[in-house]
Structures are given as C-alpha cells and as structure tokens.
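# Structural overview
If you want the building blocks of each chain, they are given just below.
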Amino acid sequence: SSVAIKKRSRVPGVMITQYVEELPAGKTTPDFTRKPMSVTAQEGKKGFFKAMVSGEPAPTVTWGRNMGEVDDPQIYKARYDERAQEHILEIKPDQADTYKCFATNEYGMAVCTAALKVIEGKRQIITMPYKKKLPPKKDGEIDPKLLELLINAPKKDYEKICADFGVFDFRWLLKRLNQLKKERADEQAKQLENVKQIEVKPNGRAEFSLDMKLQDPNSAINLYKDGEPVPYGDDENSKHSLKKTGTKYVFSIKDPQPEDAGFYQLDVEEANVLATDFQAKIKDVKAFESEDAIFQCVLSSPLNRITWSKEDSSLEHGDKYEITVSEDKLIHTLRVKDCKMADDGAYYAIAGITTSSASLKVEGRISSLFMYINKNLKKIDSVIAKDSLDGRDGSGDGTGGGTGGKTGSKTDCGVQFVSGLSDTVANVGERAELSCKLSSETSEGRWYKDGKLVSQLFWENYELIIDCRKSEATLHIQDPPKIDADALGKFTKPVIIKAGENAEWKLPFSGGAPMNIQWYKDDDELLPALNVKIETSATESKLRLVKCQRKDGGEVKIKIKNEFGTTEAISKLIVLDKPTPPQGPVDIIESAVTSVEFKWKPPKDDGGCPVTNYIIDRQQVGRNKWSNLGEIPGNNPSYKDSDVNPGRRYCYRIRAKNSEGISDYLQSEDIPAGYPGSPTAPKVVSAFKDCINLTWCPPCDTGGTKIVGYNLEKNKKGTNYWSLVNQGGPITVKDVIEGAAYEFRVSAINLSGAGHPSLPCDTVNARDPMKPPGKVTDLKLTSSNYTTFSLAWTKPKEIKGVEDEAQGYYVEIRSIENLEWTRCNAIPITLTSYNVHGLKAMASYWARVIATNYGGDGEPHGFDNYIIAMPPPVKPKFKDRKMKTFVVVRSGNTVRLNINFEASPVPQISWIKDGIPVPKHVTITNSDKGSQLLIPTSERSDSGIYTITVKNIVGQASINVEIRVTDDPKPPGPVELEQNIPGTVTLSWTPSPDEKRDDRLHYMVSKRDSFKHTWRTVADNLFNNKFTVINILPGREYNFRVFAKNDMGPSPPSESPVTLVKTKSYDFQSPPSFIVPLKRRTAPQGYECYISCAVKGDPAPRVTWYRNNISLNTNTNYLITNVCGVCSLLILRVGPTDDGEYKVVIENKLGTSESSMTLNVRAPIVNPRISPQYRY
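Below or above, wherever it landed, is the structure these notes cover. (Residues numbered from 1 in each chain as written. Predicted model: local features only at pLDDT ≥ 70, side-chain atom pairs only at ≥ 80, totals over all residues. Heavy atoms only, no water.)

### Some points on the overall build of the chain
A tally of helices and strands in the chain yields 6 helices and 94 strands. Counting the 1176 residues in the chain, one finds 40% classified as buried. Within the chain, contacts between residues separated by at least 24 positions form 61% of all contacts whose residues are at least 6 apart in sequence. (Helix = DSSP H or I, 4+ residues; strand = E, 2+ residues; numbered from the N terminus. Buried < 20%, exposed > 50% of the residue type's maximum accessible area, 1.4 Å probe, protein only. Contact = heavy atoms within 4.5 Å.)

### Considerations on the side chain of S784
Mapping S784 onto the fold places it in strand 59 (residues 777–784). Within the local environment of S784, its side chain forms a polar contact with the backbone oxygen of M870, the two atoms lying 2.6 Å apart. Once you skip the residues sitting within four places of it in the chain, S784 turns out to touch F789, M870, P871 and P872. (Polar contact = N/O pair within 3.5 Å; in protein donor to acceptor, adjacent residues only side chain to side chain.)

### A word on the sheet that holds strand 81 (residues 1026–1029)
Sheet architecture is open: 3 strands sit in the order 77-78-81, paired in antiparallel fashion. One side of each edge strand has no neighbouring strand; the edge strands of this open sheet are strand 77 (975–978) and strand 81. Strand-to-strand, the axes of this sheet are offset by a mean angle of 25 degrees, without reference to chain direction. Taken together, the 4 bridges between strand 77 and strand 78 (residues 985–989) define a ladder with antiparallel strand orientation. When the sheet's bridge partners are listed, E978 is paired in strand 78 with T986. (Pairing = 2+ DSSP bridges. Axes fitted to C-alpha atoms, helices over the stretch in contact; angles between N-to-C directions.)

### Re the pairing of strand 37 (residues 516–521)
Where burial is concerned, most of strand 37 is hidden: 6 out of the 6 residues are buried. In strand 37, alternate side chains face the same way, and those of N516, Q518 and Y520 on one face and I517, W519 and K521 on the other are all buried. Here strand 37 runs beside strand 38 (residues 524–525); their pairing, made up of 2 bridges, is antiparallel. Residue pairing for strand 38: K521 is matched across the bridge by D524. Between the end of strand 37 and the start of strand 38, which pair antiparallel, lie 2 residues, with D522 showing a positive phi angle near 55 degrees.

### Quick notes on the packing of aromatic side chains
A complete count under the given rule lists 16 aromatic pairs for this structure. Each residue in the set F598, W600, Y614, Y639 and Y652 is aromatic and connected to the rest through ring pairs, giving one cluster. Across the ring face of Y520, the terminal group of K557 is positioned such that the distance to the ring centre comes to 5.3 Å. Above the face of the Y1106 ring, K1143 is positioned so that its terminal group lies 5.6 Å from the ring centre. (Phe/Tyr/Trp six-rings, centres within 6.5 Å; stacked < 30°, edge-to-face > 60°. Lys NZ or Arg CZ within 6 Å of the ring centre and 35° of its normal.)

### Description of the nonpolar core
By size, the foremost hydrophobic cluster in this structure holds 23 residues, and its most contacted members are F878, W911, L933, Y946, I948 and I963. Sorting the residues of this core by element identifies strand 69 (886–890), strand 70 (895–904), strand 71 (908–913), strand 74 (930–935), strand 75 (944–951) and strand 76 (956–966) as the ones contributing at least two each. For L933, the contacting residues outside a window of four places in its chain are V895, R896, L897, W911, V922, T923, I924, Y946 and I963. Core analysis: the next-biggest nonpolar cluster, separate from the first, contains 22 residues, A487, I517, V532 and C548 among them. (Core = buried A, V, L, I, M, F, W, Y, C linked by side-chain atoms within 4.5 Å.)

### Considering unusual backbone geometry
Backbone torsion omega between G584 and P585 reads 0 degrees, so that peptide bond is classified as cis. Residues S904 and P905 are joined by a peptide bond in cis, for which omega reads 0 degrees. With respect to the helices, strands and loops of the structure, P905 is situated in the loop between strand 70 and strand 71. Even without glycine at this site, S290 takes up a positive phi of about 75 degrees. Following the sequence through the fold, S290 ends up in the loop between strand 20 (285–288) and strand 21 (293–299). In this structure S290 comes out as partly exposed when scored by relative accessible area, which is 48%. At D522, a position not held by glycine, the phi torsion is positive, near 55 degrees.

These figures come from the coordinates and say nothing about function on their own.
Listed below in structure tokens is the structure:
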C-alpha cells in the first residue's frame, strides 16, 4: 500500500510527497536544485520557464497550469537541454497564468509553481519604495495611508478606496499622486543602477544573490523579514550575513530553520530591490447574514504569510477569521465566518510592499421581501409571519418542492419553482432573457432589481417573487468594442495613392473604457515616427502615413481591445508608381539580311497598374545618335525591326510605360543584321606532334545568303590571344609546336561577312599518340591515423611498343561496405606518394593506384588486405613522468586531475575510488590523449585513492592518485606543564577536534625563554598528546606553544602558562622507569613512522629496542636516538614487513623496566593488474 508523506525541500516554495515509508539505499525522492522563477513577458512575446531537478532514479518532469491543460504542442513546447541539464517549457505569447512543474519518480513527487505575467507594450514596472511605518496623519493634510494605497492600486479602484476613507471628490488628489510617483521613481533611479535579481541557490545555506551597482557607495543597505528589520554582519559565522564581491551581493542564512522562512526584502536607502506582487488580487464579495465570505489572492512569488486587515485593525486567525495558505505558498485565503452587518467594509491583503483591497457587502436574508410588506400585501405578510414562527427564511432558488427552511409546518405556500433563474451574460444593445418554470400556470409574480420593484430589466441582480417563493439571478452586461457597419465598409476599401502622397485611415468605434488601440502593417505594429502619425480619442482613431513609396503598400489593420473582447478591421494600401525596367537578357529570335527580331521579359514590378506600351529606340553601332522606332502594345514583349541594312550591327533600348510614367531602359547587346550564325564547336579527329586534324558542322542560320567559307582560329593554352590560322577553311592545322596545348574555334562567312565564332573545342596537345602505362609496383602504407593514411609506390617500367611512360597517377578508395571506387584526385599527380584525407575513424577501406598518360589509364594496383583508419597500435602508457600521485585540496575547493596518456586505438577509460566506481558528483571528461577528473566542490568524504585504467586491444595501464580533502586544523586544547625531572618540563594537551577525522594530523611544540625571547621549534611530527622538553635551565622563565598540523599547515597555537624553573638539590639516583610509555600505532604504507617514549633513571639507563624480540640497536634500517631521556625510533618508509611488536628495555644498576606496543601497517587499495612501477 502506498503512503503520502509530506516533506519540505531546502528550496523555498517546493513541496515533496514521498510514496514509501522507507527509501532504499542509494534512492532519493525528486527535488528541485533550481526551481522555475516567475516571469514577466511583454504582450506578443514568448515566455520561458527553466528548472533543474535531482533524484535517484532520475525523475520525469511534466508541466501544468491552473487555468487549462498544457497539452497543445502548438502553444507549449517542453524540452531538455543536456548541456545545461535544464528542463525548459516554451510558451507562445499571451498565456498568462500560474504554472506548475512536477518532478516524479517511483519514490515520490516534487511540485512548485511559477507565474507568467503578461504586460502591454514596453512599459517598465518599477517597485515603489517600501515605507516601514507610515507617518501619522496631520490636521489639514492627506492621510499617508490613503496615498500609499492609491500609489499601488489600479486607477479603476481609486473611487472605491477614496470612499473607504470618506473622500468622495478625489480628483484633486491626482496631481499630488502623480508628483509622489515621480519623486519615488527619481529617488530609486538616483540610488540604484543595473539592479537585477539573479536566482535563489540552496546549498546548505539559504542564499539570495543579486547584481547591484550603487550610484552612492555610502548608501545604507537594510534587510527586512516580513517587514521587520534583520541585523546582519559580514562574517560567514553569523546567523545572517551580507557579503559584497564587486557589484555582486550575497545574503545568506546559516543553518536555516523553519522559523527562518518568510519574505525577505533588501532596501537601499528608501529604494526597494527585492519584492513580491499580486498575480490575482482579492475581489469584492457579497454574502447573506450568517454565511461565510471568502477573499482569495495569488502571489507572484511564495510567501509564508501575508497581512490581512480591515480599515485600521489587523486580522488574526481565530473563531471569527480563518486564514489559510496553499502548499506552494502562493494562494492566500481569508474566510470571514458567520457574517454580520457590522462586517461590511473594506478588507486589505498586504504582501510586503504591495497591497490589494476589496469590499464585503452583507445583506439580510429577508430584505427582498420588504417591498411586499411596504405595499401591505397581506398574503406575503402572513407568509413572513408564518416563516418567522416555523424558522423558515424563504431563501433558495425555489427547488426542492418549496419546503425552504420549514420545520414541522403543515401550511403549504402554494406555487413552487420547477426550475429557477440562472445567471446571464449579455452585451450592450443585445436582448437578455431571464426565465424560470413554475408548478402553476395561474400564479402571478413580481420582478425586483436589487430589492426594488421594476417593470423593465436593466442591470445586475434580479429577483422573482411568487407568493412566498423567490428565485434570484445576476445579469452581467458587457460592452465589447464595436464598429459601425457603414464605417467598417468604408474602412475596408483599399486606399490607392500615387508615390510621394499621404495615406490616411479613420475609424470610429464604441465600447467600454479603457480601450487599447493598435495599428499594424503586414502584421508589424506601427508606432509613432516621422512618417507614421497616430491620433486616438475615446471614440475614434486616425492613422496617417506620410510620403508613401511603392514598398509601403500592403495590408493595414487596426486592433481594438478592452476587457470584454477584441475586434479588428483590415484595409489595404496600394501605392502607384512608374514600372521598373524590363527584364533581360534580350534574346535574338531572328537575324536576317532585311530584318532583326528579338524579345525580352516584362518588368518585375509594373508599378501597381498594367504596362500599356513599350518604347523602342535604336542605335547603329559606330554612331552616337539614337532614333525612336515608336511604341508597341504592352501585351507582347517582342519586336521585329524590318528597316536594317545587311552587314550592319544595331543596339536597342526598351522602356516600359504605364499610366504613372516611363521606366528606365533595358539595353541589348550588338545585334548583327544578315550575318550567319555560329557553327558547332570543332572536334579533334586526330593529333600528332606536327599537325592536328579538325572537323565541324555548318551553322543552322546562314543569314539569308550562301555560306562562302570559314575562319579557323587557334589559341595557345595559357594566353588570351586568338590567331587566324587561314581564311578559306582547311581542316588540318600544321602550324603547331610539339607538346603545346591548343584550343580552336571557327566562324562562318556569307556575303555580309563573318558571323560570331563558335565555342572553343576541348584542349588538345600536339604530340604523337601514346599507349597506356603499366601497373605501379611496391605499393605500401607509410603512415595512418583516424582521418588520413599515406601511400607510396614505385613508377612502372616503360616497355616500348607495349606500355609507355607514366605521366601521372590516380588514387582510388572504397569503403569495405561499398562496391564503387571513389577517385581521390581529379587531376593526375606526378609524385609517387599521396595522403588520403577525410576518413572515418576505425573504418575499413580498400585502396589502389592507377598510372596514366596521354594514351589512357593503365591497370590498377591495390593491396591484398583492407586498411583500417587508425594509428599504428600502441599499448597504453602515461606520458607525464612528473605527475603527482598525492594531492591535497582544501575542503570546498575544486579538484581537477589531468592525466595524459598515449594509446592506439582509442582506449576505454575507467575511474574507481577505493575500489568502487566514483560518485555521481565527480565529472569525468575523456579524450583521445587524456582524461580529466573534476570535483566542483570537494568534501572530506571525497578523500581516497583514485585509480584510472586505460585499456585497448593492445594492453592496459593504470595509475593511482591519492586525493586528500582537508581543511585548516583546529588548535589543540589547553596546555598543562609538569616538572618531574630537573632540567625537563613535560607538556600535555587536549587533542585537536580534527584528530579523529584526520589520521595525518600531528603536533609541533615550540618554546621561548626569558633570555633569548625568540620562538624555537623543539619537537615536530608528534602523534601523541604529551612531550618532554629537555635542556631546561634553572632560573629562567619559559613559554610553550603547541600547534596542530596537517597537510594544509599549522593551526593557531595553544599557549602554556609561564613557568619559572627553580634551583633545588635532589637525589638523582633512581631505578629506571617510563615517563611516557610506548603507544599502539597504525601507519599507512609508504609513509614514515615515528615511535617515541620518555624514560628516567639515575644513573642514565641503557636503552635497547626490540622488534618481535629481536634487537634493533645494530639494524641500520632504523634510526634510533636517545636525547636526554627521550627515546625515539624512526622508520623512513613503512613496508608490509615492518608490522609487529616493538619493545623498549631500559636498565641501570638499580633495576630494569620495559614497555611494548604493536605497529599495524595499513596497505593502500591497489588494482592487482597495475604494473609494479605505479605502486607505492
């Protein structure tokens, strides 16, 4: 069975529901790491919500809204940005509402809300300064509370608010109100610049950050919670702190508790920076006596509580008033219980600095019957008297058999309502009908409006009373925008003007104020400018476009909108102008001895009216004069000129003409009259080193006369000069140079002369024919990587008469899945090597090389096996020999390890921490040549040995890196001194709080005497909490300091009290004993180990060290010292063979004593497959 456990998220405004009683290990309920923020969008612009979620397994994110569903893909688009790890909801324009975001997995659900607010135009909403306490009203002055309410209220509520304060002529207040708004806006602009609220980040501390630039750096910054001042400091250890970094301010709350929840506000002087607003304000309420009245508002940002008040008194939750808040802290409700006539009046909802007000009207239940009583209607009088005896109030809609509130009465009221009246909505000027059905057709009823008898229905609440029965309904009258039919018909007619003239539209309208008028042209809103003039009154709007051009034509639309609806009207603007020039090119239809015919294309833009004519001008080539040939109809864009002389060339100009003017001209190229057309391009029949044979076909157009010959021209490749080979037309060209490349063209000759030359033929070389070369030899692969490989080969041998010399090579490849060869080089290469580019990594290819010469291509030569696009196989190895294997990081800082390696093919890379996969918050980034481990914000739990393994088909390699996350050590406790042996002082201290969670923490002792006054270190690397200082001289004062040290450095010192060493005579002879015995130790493998003890005795005892009962005094692997009774043994590098029992035996002539301890060696976690050179 499922459960529903409500939990509170660390992120304000997020509610979590857990579906199971206990979560499995490693599983979590969904939560928001960054919830969607409320958005304000301009009308016509899209809205966006962004959210980041967490949970295991990964939750599914869905969206909803209060008013309707989020299932229309044309309006709502939900997507996930993998790079930013954000869930995004994109909303089409004008969809204002409160939206919900749900994150769900099998263990629970998290939900939060965000509001989308749509504002008109480009207005800037400025939050006005927040007054902590309003000044008291002075005689003869305006009540400050009235001004504060008016400055945040819409204009339609001014009359209602003034009436609540007893002010009925409020027009004289408007000037003072506008002045006050301007003063506050100027004050805010003077204090603040670039104010931008960034986001809310939960990270163990509740944080609010914002970018803010102060015009005056000395401005006072105040913090408020639910309107009350909050003291703060700049120290992170304080409960509330405010830190500044440049222009960024971060307000944080240490260890947030439930009582810290609330509305926080930041003020600079008197200018407000952070505030909330009403998404939906409270509305007027009507209620009968003894009923409950409900006020409800919706906020734009979550708030634990708001202030409810009536007139000058605050309202508290209790028997009379019930105040509730929704789970998402956005919806706040006030319920006024058991309404009385005294509850009439204005009610206020105050959220931070914003206020919403509404009125409550309480009506008596039998007030609607007073009209009958005043008219001495005996029947109604008796019924009311009967009702008062029976406890019946007569209210209801008439259903239920007419029993009303009857209790035990035997009197029947008579007629009953079978169906009562229903609320109706109607537009101004339309017919509205209220109807009901009675149980009797003979009954008579009377209609009442707001308690008054009426003969015609006009407005709002209506009652129908028949006998003692009553039915009520409300008639709502709406006044949407309307346009007169005649005015609309006139408006929709197209406006036709000439270029450079003004266009004007005028449209009267009617409807309820206020009206919002917008003009559009081709769906783009028109705003007042130099060429756009808009004049709007309460009943009419005018648009005037100045000096219109052809491009200004298009659809013109007006949009009229008020709170009841929207209407539109569409017109069209046509701007007339001269046409653009006709379109080329001019194509020749016929060129004969006596006539020339050509055609063109009509203008791209006819100027808004059809082309009526084309004007043709002509110029003979070689002369400057243009002659007009006349005009032709505009429906046929072609012309035939019959007045031409054979052999002459002509140029023509064509202009288009419409009713508005004549276009610019289109000019043709030179057109010959009577010349022949072009022959076909010459074809090479054969080529030798001393001659080239050509052929061609005669032209189709002879120019009206006989073809009498041809002109053949040649061009040596690389030059721009065409030389005439001969006149008359031989087809064999002998004037050539061996090995040179040539092009040829030919033109036909008739009685008028030579026509246009043909297109040139393909390039031909003057040389004797050759035979194709043979196969290349010694084809081999010289190098390769993931995108290229290189080939080399040997030139094929020449065999006279069979295989000629190779003059170039083609390289071809094909993928192993493809059957078609692809040529890598379009032009033959002369080198015997080639680099093939653009390969797919690890793909397989066949490759071959083809030798070629002028005689053709030889046979291809390829490999026996396919080639894989990859570098030569390389076993993984690490490149950085100076890479650190031990890294110390301060807690909270970023850990970044870059490991560079060399491997081919691309290896598989895996990371483990202490033998298990790395946690999810550790980011691994791999490339072909390296891998990066990243911990954005490190914690002590991230300490451990991280192992990277690089593996491919050739082999594998691994390396260990120990990461130690720590922090500055805390100092040890108080230091105590003890003098048991002359010349020595024994110090003891309370361990540092960090000793239990940092096994590398040790202590350092320093001293200062009254003679030298300088501090000197007397001991370091102490892993116990006691130390004996020697060489203490009598008669001097000594100070001692004890530091706790770890990998980050030393802590602040703990100082001892001042001690004075006095001189006394002692009998120093004593048997040997231990002042500080040996203690059990655990040392990490690979580190040094320091074992020490303190002894006494007179004469000085002889000290012997043993390990597992074997003497170590002569073992050179151990460093043994004895300084004034402090005996120590140092192991430079602890290994697995160093564990066991260590014992110290001391003896003198008075006796013997011994002390022992056990040393445990802790081995690091090492992958058994790691090569020995990476172990330590």
